[in-house]
Amino acid sequence: MDFKYDVIVIGAGHAGNEAACAAANMGSKTLLITMDMNKIGQMSCNPAVGGIAKGQIVREIDALGGQMGIVTDRSAIQFRMLNRSKGPAMWSPRSQSDRQQFIQHWIKTITNTPNLFVWQDTVKELVIENGQVTGLKSALGIHFRAKSVVLTAGTFLGGLMHFGKNQLVGGRISEPASFGITEQLKSIGFSTDRMKTGTPCRIDGRSIDFSKMTEQKGETDFHKFSFLEEAKRELKQESCWITNTNQTTHDELRKGLKDSPLFNGQIQSIGPRYCPSIETKIVTFADKISHQLFLEPEGVDSQEYYLNGFSSSLPLQVQIAAIHTILGLENAQLFRPGYAIEYDFFDPTQLKHTLETKRIKNLFFAGQINGTTGYEEAGGQGLIAGINAHINCVGGNEFTLARNEAYIGVLIDDLVTKGVDEPYRMFTSRAEYRLLLRQDDADVRLTSKGFEIGLATNNRFHQLQTKIEKQNELTSFIKDFPIKPANINNFLASRDSSELKHGCKLSDLVLRPQLSIFDLAEAIPALKEKIDEIGTRKEEIVEATEVLLKYEGYIERERLIAEKLQRLEHINIRGRIDYNSIQSLSTEARQKLTKIDPETIGQASRIPGISPSDVNILLVLLGR
């Protein structure tokens, strides 16, 4: 067996899978090392992909030529577009997945990707020579050589699980932790710390009284994650169910707080602010008498349900007693309790925007070891790391995304510029230009970039070109088509929209908030005919066209602002300034600029503690 590769990816979670597929599809001989080949792409926590801002990331992964969107669609058992009541910048796709089908589709994808090989083993040590990684050593004593290594260890580095006072070493329930890499990297100067996350119990669906709960069905329209026509939702669609905690539930939980690892000092690490445990909720929001919970199915052929909103590390008996006070769960039988897990992560300011470490050349970090939460954030990082690991092998310009180009760009820039003081979760509010980063146009923004670097396929690029062509044709038709009052006023009256006094263009009617293009097609045969000409993707293209028409002025204004500020991203400063020698900078600015060593003025301006006056001083020094 040949133990020499271009790229080696450690860990077959969401970051590792995207990194491995990207590097291999771009032409690198790639090895994916995992502890368990049957757990490739395991959804460690909830069986869902997407959500607020996270759904945009998955669409961006897909647009660039990644795999998460395709795998999600093919394993989907419920799809919903969140935030429909708000503007299109906030629309966020989310899908429940069949947990086992999700794994099986990932295994099928990886084992059928050319240039991609899999090895089941544990990595004990990286091989580092002359300041760059050259391979690794495994638990089986094998020395693998590589030009680039991507570390995506998730929660496995030093993983420690908490079930009340009981502690088990492991990276996930019933799976061992990994030791050696953290200690090695720390010994050569890497900064590391501990984070904490958690997961709820799993409940036997046969013991749930769904008649006492509110049913939440999915949507059955055209929306999905992948922009590829051939990626479709194929599985039976399932419902989720809503219930709530109550005062009795909270009383039962409070009885166990003295034995809670979160409150008795057993857990010292940093937990997620935006996905708190149920015991944290009742303490932080002590005035609330109820918290909403979601029962989410684990699969079409499974009786296992995930209790979303009830993450806990309380002792088992406390969890059971509290759950039995919840409407519909009075007789609930558990498959396993909830638990918390602590794990090692590395300060992400030690990374470049390519996710290559500054300290060791050709070594990349991606996923939860960078202090993030979520499958989607991990997948986005993995994709960028895999792309750049390949580029490091063959040469070429590094691949990064700006904040006005993608949520993935916002995510990585936040990590490497600001660092993390708690597990990082993406929100639409983190993006300054979220109207430019909508879920509907991720392919228009990014597929050409993926195609240029050799990741997005000819088929994907051709589908994009066809979509843009048809969208432009429809836009031109709507902007040019004349409307006469006599032909439309009766229809407008039926929709509580003011009648026309003079003729106008069809686009003027599309701008009205009460009317959609599909509404107008009912009254204008020529528009309906034009839409029908589009073919199989007409709903997607009509929706994207409508967003562009209704928000055209806002989008253009945001684009101009982004372009103006983007100029700062082209003023390179790394290696040009000795910050410690500039006394006019604040002490905090000197310290942080020296530590992070930003690439550009733009990145420097986003470092916490760097004031506008500090930025102006840097610009003056550079003669700007």
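What you see is a predicted model; the values in this text were computed from it and never measured.

Draft legend 1. Structural context of the overall build of the protein chain. Looking only at helices and strands, the protein chain has 21 helices and 22 strands in total. Taken against the 2.2 N^0.38 rule, which gives 25 Å for 624 residues, the C-alpha radius of gyration of the protein chain at 26 Å falls within 12% of a compact globule. Overall, the C-alpha framework of the protein chain stretches about 80 × 70 × 55 Å when taken along its three principal axes. For the protein chain, the proportion of its 624 residues judged to be buried stands at 58%.

Draft legend 2. The sheet that holds strand E10 (residues 160-163), seen in detail. Read across the open sheet, the four strands follow the order E11-E10-E19-E12; overall the sheet is antiparallel. Every interior strand has two partners, whereas the edge strands, strand E11 (166-169) and strand E12 (192-199), have only one. Direction aside, the axes of adjacent strands within the sheet are offset by 25° on average. For E10 and strand E19 (residues 339-346), the ladder comprises three bridges, and the chain directions are antiparallel. Counterpart to leucine 160 in the pairing with E19 is glutamate 342.

Draft legend 3. Layout of the pairing of E11. By the bridge criterion, four bridges tie E10 to E11 in an arrangement that is antiparallel. Across the sheet, methionine 161 pairs through a bridge with leucine 168, a residue of E11. Where E10 hands over to E11, the hairpin turn is made up of two residues, of which glycine 164 adopts a positive phi near 65°.

Draft legend 4. Spatial organisation of the packing of aromatic side chains. Tallied over the full model, the rule gives 14 aromatic pairs. Ring pairing ties together the aromatic residues Phe3, Trp119 and Phe144, which thus form one cluster. The ring of tyrosine 5 has lysine 29 lying over it, and the distance from NZ or CZ to the ring centre is 4.9 Å. Here the guanidinium or amino end of arginine 59 rests over the ring plane of phenylalanine 227, the centre of that ring lying 3.8 Å away.

Draft legend 5. Molecular detail of the sheet that holds strand E5 (residues 92-97). Judged by pairing direction, the sheet is antiparallel, and its three strands sit side by side in the order E3-E5-E4 without closing on themselves. Looking at the sheet topology across the chains shown, the edges are occupied by strand E3 (48-50) and strand E4 (76-82). Between one strand axis and the next, the sheet turns through 15° on average, direction left out of account. By the bridge criterion, six bridges tie E4 to E5 in an arrangement that is antiparallel. By the bridge assignment, methionine 81 is partnered in E5 with proline 93. Helix-sheet contacts for helix H2 (residues 54-64) involve E3 and E5, and the interaxial angle to E5 is about 85°.

Draft legend 6. Quick look at the layout of surface pockets. Roughly 1,200 Å³ of internal volume is contained in the second largest pocket. Along the walls of the second largest pocket sit 47 residues, with Ala402, Arg403, Asn404, Glu405 and Gln566 positioned nearest its centre. Broken down by secondary-structure element, the contributors of at least two residues to the lining of the second largest pocket are helix H10 (407-418), helix H11 (442-452), helix H12 (458-480), helix H17 (538-550), helix H18 (552-566) and helix H20 (601-605). Tallied by class, the residues present in the lining of the second largest pocket amount to 13 nonpolar, 15 polar and 19 charged.

Draft legend 7. Region of interest: empty space enclosed by the protein. Counting across every chain of the model gives one cavity of 30 Å³ or more. Considering only enclosed or pocket space, the largest cavity measures out at about 50 Å³ in volume. In terms of lining, the largest cavity is formed by Asp62, Ala63, Phe227, Leu228, Asp443, Thr447, Arg460, Gln463, Leu464 and Arg537. Only H2, H11 and H12 provide two or more residues apiece to the lining of the largest cavity.

Draft legend 8. Structural context of the environment of serine 239. Here serine 239 lies in the loop between strand E14 (214-216) and strand E15 (240-244). Considered as a pair, serine 239 and alanine 53 are 186 residues apart in the sequence and their alpha carbons are 23 Å apart. When neighbours within four sequence positions are excluded, serine 239 is seen to be in contact with Gln78, Glu215, Gln216, Lys217 and Pro297.

Draft legend 9. Here's a closer look at the environment of alanine 431. Residue position: alanine 431 is located in the loop between H10 and H11. Sequence separation of alanine 431 and alanine 521 is 90 residues, and the distance between their C-alpha atoms is 35 Å. Alanine 431 has contacts with Tyr407, Val410 and Leu437, leaving out every residue within four places of it along the chain.

Draft legend 10. View of helix H8 (residues 316-323). Listing the buried residues of H8 in full gives Val318, Gln319, Ala322 and Ile323. What you see down the axis of H8 is that its buried residues fit within an arc of 125°, all on one side. Summarising the contacts, the buried residues of H8 are in contact with strand E13 (202-204), helix H6 (247-255), strand E17 (304-308) and strand E18 (334-336).

Draft legend 11. A look at the pattern of salt bridges. Counted according to the given criterion, the structure contains 44 salt bridges. Where glutamate 238 meets lysine 236, a salt bridge forms, and the shortest distance between an N and an O atom there is 3.9 Å. Judged by relative accessible area, which is 17%, glutamate 238 ranks as buried. Judged by its relative accessible area of 59%, lysine 236 falls in the exposed class. For glutamate 522, the salt bridge is made with arginine 495, and the minimal N-O distance between the two is 2.9 Å. A residue pair is termed long-range when its members are at least 10 positions apart, and glutamate 522 in helix H15 (residues 517-523) and arginine 495 in the loop between helix H13 (485-494) and strand E22 (504-505) qualify at 27 residues. Accessibility expressed as a relative area gives 59% for glutamate 522, which makes it exposed. What makes arginine 495 partly exposed here is its relative accessible area of 28%. One salt-bridge network, held together by shared partners, links Arg403, Asp413, Asp414, Lys418, Glu432, Glu569 and Arg606.

Draft legend 12. Local environment of the side chain of glutamate 543. Position of glutamate 543 among the secondary structure elements: in helix H17. Setting aside its immediate chain neighbours within four residues, glutamate 543 contacts Arg84, Trp91, Phe222, His223 and Gln439.

Draft legend 13. Molecular detail of the nonpolar core. One finds Ile8, Leu126, Leu185, Phe365 and Ile408 to be the most contacted residues of the largest nonpolar core, which totals 97 residues. For this core, the element with the most residues is helix H9 (residues 375-394), which contributes nine residues. Contact partners of isoleucine 408, with chain neighbours within four places excluded, come to Ile57, Glu60, Ile61, Leu64, Gly380, Ile384 and Leu401. One finds Leu492, Leu509, Ile524 and Leu549 within the second-largest nonpolar core, a separate group that totals 23 residues.

Draft legend 14. Main features of the environment of lysine 358. Relative to the assigned elements, lysine 358 resides in the loop between E19 and strand E20 (363-365). For lysine 358, a relative accessible area of 30% translates into the label partly exposed. Setting aside residues up to four positions removed in sequence, lysine 358 forms contacts with Thr349, Gln350, Leu351, Lys352, Arg574, Ile596 and Asp597. For lysine 358, the side chain forms a polar contact with the main-chain oxygen of threonine 349, separated by 3.0 Å.

Reading the values: rules and limits
Residues numbered from 1 in each chain as written. Predicted model: local features only at pLDDT ≥ 70, side-chain atom pairs only at ≥ 80, totals over all residues. Heavy atoms only, no water. Helix = DSSP H or I, 4+ residues; strand = E, 2+ residues; numbered from the N terminus. Rg over C-alpha atoms; globule rule 2.2 N^0.38 Å. Buried < 20%, exposed > 50% of the residue type's maximum accessible area, 1.4 Å probe, protein only. Pairing = 2+ DSSP bridges. Axes fitted to C-alpha atoms, helices over the stretch in contact; angles between N-to-C directions. Phe/Tyr/Trp six-rings, centres within 6.5 Å; stacked < 30°, edge-to-face > 60°. Lys NZ or Arg CZ within 6 Å of the ring centre and 35° of its normal. Contact = heavy atoms within 4.5 Å. 1 Å grid on protein atoms, 1.4 Å probe; cavity = no way out; pocket = protein on both sides within 12 Å on 5 of 7 lines; lining within 4 Å. Points joined across faces, edges and corners; volume = space filled by probe spheres on them. Nonpolar A, V, L, I, M, F, W, Y, C, P; charged D, E, K, R; others polar. Arc of directions from axis to C-beta. Salt bridge = Lys/Arg side-chain N within 4 Å of Asp/Glu carboxyl O. Core = buried A, V, L, I, M, F, W, Y, C linked by side-chain atoms within 4.5 Å. Polar contact = N/O pair within 3.5 Å; in protein donor to acceptor, adjacent residues only side chain to side chain.

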